[in-house]
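A look at the structure
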Amino acid sequence: MDIGKRLKEIRKSRGLSQRQLASRSGVTNGSISMIEMNRTSPSVASLKKVLEGIPMSLSEFFSVEEQEEEQYFFTKGELKELSPAVLSTIGVTGNIDQVSLKQVGDASRHSLQILYECYPPGADTGKDMITHEAEEGGVVVSGEIEVTVDSRIQILRAGDSYLFDSRLKHRFRNIGSEDCIIISACTPPSF
């Protein structure tokens, strides 16, 4: 396996620069650059430390999912539920056990992440607003959601939509009495 190439692909798929990954993992930017260019072979301990900044385990890093054929279509049951631990990597701190974010396909293989989001009544991404390196947009399919972007607050209902730079502080909160369903997209993938 080409460790440098694999690390670079994973880092880019997560929307991280070398500096961001270095800061998150507590290693130098130069170390990450040297690994990605295959100018140095990292020890298991140092690779593990770098991967903690993604976050990813060594087994995930070395497992290569082989597919005979690229998958283009996904049934409802094939959508991948993102765990609270994954959501916390971008700062989601609210009732994250209530929020359901289901991802279409494997975002690490694409530059676009598509989500089927469900916010039950009272669900909230947290009082601490979220920021991440991306752009995101979505369409409310049913229900209503209060969306805060920077200092602007808007209540969106079925058919309404949003599009903004995710580096701006933002928050999603269902203030209605029924589930709010949103279809969203984010580029590059954030989690």
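Shown above is the structure to which this text applies.
First things first, this report covers the structure right here in the doc. (Residues numbered from 1 in each chain as written. Predicted model: local features only at pLDDT ≥ 70, side-chain atom pairs only at ≥ 80, totals over all residues. Heavy atoms only, no water.)

1. Considerations on the sheet that holds strand 6 (residues 152-157)
Strand order in the open sheet formed by 3 strands is 6-5-8, with antiparallel pairing between adjacent strands. The open sheet has two edge strands with one neighbour each: strand 6 and strand 8 (170-173). Across the sheet, the mean angle separating the axes of adjacent strands is 20° when strand polarity is ignored. Pairing of strand 5 (residues 144-149) with strand 8 involves 4 bridges; the strand directions are antiparallel. Counterpart to Val-147 in the pairing with strand 8 is Phe-172. (Pairing = 2+ DSSP bridges. Helix = DSSP H or I, 4+ residues; strand = E, 2+ residues; numbered from the N terminus. Axes fitted to C-alpha atoms, helices over the stretch in contact; angles between N-to-C directions.)

2. Structural notes on the packing of helix 2 (residues 18-25) against helix 3 (residues 29-36)
One way to put it is that helix 2 packs onto helix 3 with a least axis distance of 8 Å and a crossing angle of 120°. Once helix 2 is placed against helix 3, the crossing between them reads as right-handed. Contact with helix 2, carried on its side by Gln-18, Arg-19, Leu-21, Ala-22 and Ser-25, involves Asn-29, Ile-32, Ser-33 and Glu-36 of helix 3 and no other residues of that element. Taken together, the residues of the contact of helix 2 with helix 3 break down into 3 nonpolar, 4 polar and 2 charged. (Left-handed = near helix turned anticlockwise from the far one by under 90°. Contact = heavy atoms within 4.5 Å. Nonpolar A, V, L, I, M, F, W, Y, C, P; charged D, E, K, R; others polar.)

3. Some words on the pattern of salt bridges
For the structure on display, the rule yields 6 salt bridges. Among the salt bridges present, the one from Arg-11 reaches Glu-36, with a minimum N-O distance of 2.6 Å. Placement of Arg-11 in helix 1 (residues 3-13) and of Glu-36 in helix 3 is noted, with a sequence separation of 25 residues between them. Across the pair, Glu-36 and Arg-11 agree in class, each one buried. Arg-171 serves as the salt-bridge partner of Asp-124, at 2.5 Å between the closest nitrogen and oxygen. (Salt bridge = Lys/Arg side-chain N within 4 Å of Asp/Glu carboxyl O. Buried < 20%, exposed > 50% of the residue type's maximum accessible area, 1.4 Å probe, protein only.)

4. Side note on the sheet that holds strand 2 (residues 100-103)
Strand order across the open sheet formed by 6 strands is 1-2-3-9-4-7, with antiparallel pairing between neighbours. The strands lining the two open edges of the sheet, one partner per strand, are strand 1 (80-81) and strand 7 (161-165). Looking at chain direction, strand 1 and strand 2 are connected through 2 bridges and run antiparallel. Bridge assignment links Lys-80 to a residue of strand 2, and that residue is Gln-103.

5. Points about helix 2
Residues separated by three or four positions in an α-helix point in the same direction, a consequence of the helix having 3.6 residues per turn. Among all positions of helix 2, only Leu-21, Ala-22 and Ser-25 are buried. The buried residues of helix 2 occupy an angular sector of 100° when the element is viewed end-on, so they sit on one face. For helix 2, exposure combined with an orientation more than 90 degrees from the buried face picks out Arg-19 and Ser-23. Buried residues along helix 2 sit against helix 1, helix 3 and helix 4 (44-52). (Arc of directions from axis to C-beta.)

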